[in-house]
Amino acid sequence: MKTIFFVLAFVFLSMFSFAQNQTNPNLEIEQKEVIKNSAYQLFPTQNYWTFIKLDTRNGKMWQVHFTVEDDAFNGELILNSIPLVDEEKEVNGRFTLYPTNNMYNFLLLDQIDGNVYQVQWSMEEKYRGVIPIY
């Protein structure tokens, strides 16, 4: 009797946990379409409190910090304030970021021209920046 009870409990819990992990495939498609056509995207870093905000039209970027503590920094720091393309060449989704194995570095790709830039974020201004890779 105990064996049957444990087997049924295991089966029930397995089905319940499997049902909780299912995602709505339509929601994923909708999110990808929004991301594909959006002017701005947030990219996570390996730092829990830090994201990179990218203007996908022109390559401008900001380091975004959030916090739950009153005395910690909460806001945006400029990574690149200069557009990487002329205004008439701006297109939503033109630029995208790729993480590297170094948590402070990303690669920025111009998906139209193929230009690549090294992006480095840091709390210290002297270590932040965008460098073209030729």
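Structure: see above.
Residues numbered from 1 in each chain as written. Predicted model: local features only at pLDDT ≥ 70, side-chain atom pairs only at ≥ 80, totals over all residues. Heavy atoms only, no water.

K.L.:
Please give an account of the packing of aromatic side chains that cites residues and values.
P.N.:
To describe a pair of aromatic rings, you give the distance between the ring centres and the angle between the ring planes. Summed over the entire model, instances satisfying the criterion amount to 6 aromatic pairs. On the numbers, 6.2 Å between centres and 50 degrees between planes, the contact of Tyr-48 with Phe-66 is tilted. Taken together, the residues Tyr-48 in the loop between β1 (40–44) and β2 (50–55) and Phe-66 in the loop between β3 (61–65) and β4 (75–80) connect sequence positions 18 residues apart. Overall, the relative accessible area of 32% leaves Phe-66 in the partly exposed class. Ring centres of Tyr-104 and Trp-121 lie 4.9 Å apart, and the angle between their planes is 50 degrees; on these two criteria the pair is classed as tilted. Taken together, the positions of Tyr-104 in the loop between β5 (95–99) and β6 (105–110) and Trp-121 in the loop between β7 (116–120) and β8 (129–133) put the pair 17 residues apart, joining distant regions of the chain. Overall, the relative accessible area of 39% leaves Tyr-104 in the partly exposed class. Feature note: the residues Tyr-48, Trp-49, Phe-51 and Phe-66 constitute an aromatic cluster, connected by ring pairs. Between Lys-53 and the ring centre of Tyr-40, over which it is positioned, the NZ or CZ distance is 5.6 Å. Against the face of Trp-62 rests Lys-53, its NZ or CZ located 4.8 Å from the ring centre. (Phe/Tyr/Trp six-rings, centres within 6.5 Å; stacked < 30°, edge-to-face > 60°. Helix = DSSP H or I, 4+ residues; strand = E, 2+ residues; numbered from the N terminus. Buried < 20%, exposed > 50% of the residue type's maximum accessible area, 1.4 Å probe, protein only. Lys NZ or Arg CZ within 6 Å of the ring centre and 35° of its normal.)

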